[in-house]
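Secondary and tertiary structure notes
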Amino acid sequence: MADAQHRAKRVHTVRACGLRPATPCEGWPALTRRSFLAASAVGAASLFGVLALPGCSPSRNIVVEAPPDEATIDTKLTFFGFKYEPLNVTAIETILRTYMDEHPNVSISYEGIKSRPYYAALDKRLSTGNGDDVFMVDHDTSLVYAEKGYLSDLSDLPTISTFGELALSQMRASGAVRYVPTSISAFGLYCNLALLKERGLTVPRTLSEFERACDVFVEEGIVPVVANNDISLKTLVIARGMAPIYQAEDIGEAVHPFVDDPAALATQLRPGLDVVERLIARGYVDAAEALQTEKTADDLDLFAAGDRPFMLTGAWAAVRVRDMAPDLDFEVHPYPILDEGPLLVVNVDTRVSVNANGPDVAAAKEFVAAFTRPEAIELFANSQCSFSPLAASFQPEEQSVAPLADAFKERAVIGSDDNINLPVWGATRASVVALLEGATAEEAEAQLFKHLSGEEDGA
């Protein structure tokens, strides 16, 4: 009892935007040596002192260490990322807390904000010399930041040898290891099984089956596909366009023509742009709605309402959908984007890098090594309904994503392949936005080429 009272005294009270006095979040593990506060906030003047919170946003999450009772801290690290959902932050908090219990002289804070504004903030911090010790990157930003000298070489981390072949093929694509992945995310088709069953339909496995199912709902005046303005349709483009490359006997040889050739890659992706143009033209996707639909937010609200049969997004949202609509009968399946069967799009991510210009690179690398231990990877990847990047792989516990497992082993396309030195992730999004705004597939291909060439910013 005395120990519990002692811990409670070390949790700061924060009032902002209607927040109650801070208490440990329901469902979080019991606190040990340090106490933490999870607060949704737009800004914080200090992560280690009194917090100044001028406004609030549900897309920002900060794990803040309360000041220790004893002056035992000689190393303070900051960790910046785009994971802000409570389930993900809970996993991160557990890993941080475990590490600090093992290293009493180290304190670590984590700050997470939604992915698209995150990259603007990350770029500003790094370019002004105020970068965090540890931060998350994606394919496109790691290309740029490696050239600018922001990323430490992590080749000597003791955990590198534990990663699987797929992850290593990405991590080592440029020689030096500039990031370590903590998950392999998958992108799938969310299917409302009840709506399909009511109309005598089954989960579509081919593009023609998918289009026939969509036609049934369009005839009833229902827009069948929920799509967000970021990853939904661009992953369809990549799946359709790059399918022949990742089904080749020698994938490395098949990928090689696209390594530094924007024109070749844009041409390869054109069939995907054609498919998306057709989906929009046939009314399967509401273009105006999709342009305004935010990832892992508005799209989940639309699908969880229960009157739309399909949604395109990451498997990581499955737990959120389950919590939002406990009675919704749904599953997540590979994309029915080919004529011969479904295909899964995956990314080796959530990628963690160390600031090469940070004040204590050695300490930051030591923490990242701990963050990529098997038990930490399993905890974090499972919190995202993602697969493990380690050789000793596992699949997520969430049963609605179970249909993705077989495709993950046999029929997968890498959404942003590190063996391609072009900003495909941002460029495909820009071309899909153009389609949603009324461009033809031919015009979107031309714009895609410009973004891949660096003539326009595709982020």
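Residues numbered from 1 in each chain as written. Predicted model: local features only at pLDDT ≥ 70, side-chain atom pairs only at ≥ 80, totals over all residues. Heavy atoms only, no water.

Attention shifts here to the overall build of the chain. Assigned secondary structure in the chain consists of 18 helices and 11 strands. Across the 459 residues that make up the chain, the buried fraction comes to 57%. (Helix = DSSP H or I, 4+ residues; strand = E, 2+ residues; numbered from the N terminus. Buried < 20%, exposed > 50% of the residue type's maximum accessible area, 1.4 Å probe, protein only.)

Time to look at the pairing of strand β8 (residues 310-314). Among the 5 residues of β8, 5 are classified as buried, and the element is accordingly described as predominantly covered. In this sheet, β8 lies alongside strand β6 (residues 180-192) in antiparallel orientation, the contact comprising 5 bridges. Looking at the pairing, Y190 lines up with M311 of β8. Pairing of strand β7 (residues 225-227) with β8 involves 3 bridges; the strand directions are parallel. Pairing of V225 across the sheet is with F310, part of β8. (Pairing = 2+ DSSP bridges.)

For T296, which is not a glycine, the phi torsion comes out positive at approximately 55°. Summarising the element assignment, T296 is placed in the loop between α11 (287-292) and α12 (298-304). The backbone phi angle of C385 is positive, close to 50°, even though this residue is not glycine. Of note, C385 is situated in the loop between α15 (374-383) and α16 (404-410). Residue classification places C385 among the buried residues on the basis of a relative accessible area of 3%.

At a closest axis distance of 9 Å, the pairing of helix α10 (residues 262-281) and helix α18 (residues 441-452) adopts a crossing angle of 145°. As α10 runs across α18, the sense of the crossing is right-handed. On the side of α10, the interface is formed by P262, A263, L265, A266, T267, L269, R270, L273, D274 and E277, while α18 contributes A441, E442, A444, E445, L448, F449 and L452. Counted by class, the contact of α10 with α18 contains 11 nonpolar, 1 polar and 5 charged residues. (Axes fitted to C-alpha atoms, helices over the stretch in contact; angles between N-to-C directions. Left-handed = near helix turned anticlockwise from the far one by under 90°. Contact = heavy atoms within 4.5 Å. Nonpolar A, V, L, I, M, F, W, Y, C, P; charged D, E, K, R; others polar.)

A full pass over the atoms with the stated rule returns 19 salt bridges. For R373, the salt bridge identified is with E102, shortest N-O distance 3.3 Å. Placement of the pair is R373 in the loop between α14 (361-371) and α15 and E102 in helix α2 (residues 86-102), with a sequence separation of 271 residues. A residue is classified by how much of its surface remains accessible, and E102, at 41% relative accessible area, is partly exposed. Between K295 and D230 there is a salt bridge, with the nearest N and O atoms lying 3.4 Å from each other. (Salt bridge = Lys/Arg side-chain N within 4 Å of Asp/Glu carboxyl O.)

A separate point is the packing of helix α17 (residues 424-436) against α18. Contact pair α17 / α18: the axes reach a minimum separation of 8 Å and the direction vectors enclose 150°. When the axes of α17 and α18 are compared, the pair comes out roughly antiparallel. Pair α17 / α18 crosses with right-handed handedness. Residues V424, A427, T428, A430, S431, A434 and L435 of α17 lie in contact with α18, whose contacting residues are A441, A444, Q447, L448, H451 and L452. For the contact of α17 with α18, the class distribution of residues is 9 nonpolar, 4 polar and no charged. (Parallel < 35°, antiparallel > 145°, perpendicular 65-115°, else oblique.)

Once that is clear, we can look at α15. For α15, every residue scored as buried is listed here: A376, I377, F380, A381 and S383. Mapping the buried residues of α15 onto a view down its axis gives an arc of 155°, with all of them on the same face. Two residues or fewer past α15, C385 is found with a positive phi of approximately 50°. (Arc of directions from axis to C-beta.)

The next point concerns the side chain of D138. Mapped onto the elements, D138 comes out in the loop between β5 (134-137) and α4 (139-148). Although buried, D138 forms no salt bridge, and the nearest oppositely charged side chain, R351, lies 6.8 Å from it. A polar contact of 2.7 Å, which involves the side chain of D138, links it to the side chain of T141. Contacts of D138, omitting those with residues within four sequence positions, involve Y119, R351 and W425. (Lys, Arg positive; Asp, Glu negative; His and termini not counted. Polar contact = N/O pair within 3.5 Å; in protein donor to acceptor, adjacent residues only side chain to side chain.)

Quick look at helix α7 (residues 207-219) now. Between the first and last C-alpha of α7 there are 18 Å, a value that for 13 residues agrees with the 18 Å anticipated at 1.5 Å per step. Among the residues of α7, L207, F210, E211, A213, C214 and F217 are the ones counted as buried. Down the axis of α7, the buried side of the element spans an arc of 160°, and every buried residue falls inside it. Opposite the buried face of α7, at more than 90 degrees from it, the exposed residues are R212 and E219. As for α7, its buried residues are in contact with β6, α6 (193-198), β7, α8 (232-246), α10 and β8. G221 sits one or two residues past α7 and shows a positive phi near 85°. (Expected span 1.5 Å × (residues − 1).)

Turning our eyes to something else, we now look at empty space enclosed by the protein. Applying the stated rule across the entire model yields 5 cavities of 30 Å³ or more. Of the pockets and cavities examined, the second largest cavity occupies roughly 60 Å³. Surrounding the second largest cavity, I238, M242, Y246, L265, L269, I414, G415, D417, I420 and V424 form its lining. The element that contributes the greatest number of residues to the lining of the second largest cavity is α8, accounting for 3 residues. (1 Å grid on protein atoms, 1.4 Å probe; cavity = no way out; pocket = protein on both sides within 12 Å on 5 of 7 lines; lining within 4 Å. Points joined across faces, edges and corners; volume = space filled by probe spheres on them.)

Moving on, we get to the confidence of the model for the chain. If pLDDT is low for a region, its predicted coordinates should not be looked at in detail. The predicted model of the chain has a mean per-residue pLDDT of 86, with 84% of residues at 70 or higher. Here residues 1-58 is a poorly scored stretch, pLDDT under 50, and it has 116 contacts once near neighbours within four places are set aside; other chains count. (pLDDT = per-residue confidence, 0-100.)

A word on the nonpolar core. If you look at the biggest cluster of nonpolar residues, it comprises 136 residues, and the most contacted ones within it are F79, M242 and F367. The element that contributes the greatest number of residues to this core is α8, accounting for 9 residues. Ignoring sequence-local partners within four residues, the contact set of M242 consists of F258, L265, Q268, L269, V413 and I420. (Core = buried A, V, L, I, M, F, W, Y, C linked by side-chain atoms within 4.5 Å.)

Next up on the list: the environment of R308. Looking at where R308 falls in the secondary structure, it is placed in the loop between α12 and β8. For R308, a relative accessible area of 10% gives the class buried. Separated by 85 residues in the primary sequence, R308 and V223 place their C-alpha atoms 7.1 Å from one another. Those residues in contact with R308, other than ones at most four positions away along the chain, are N192, L195, I222, V223, P224, V225, V226, E289, L302 and F303. In this structure the side chain of R308 is engaged in a polar contact, spanning 2.5 Å, whose partner is the backbone oxygen of V223. A distance of 2.9 Å separates a polar atom in the side chain of R308 from a polar atom in the side chain of E289.

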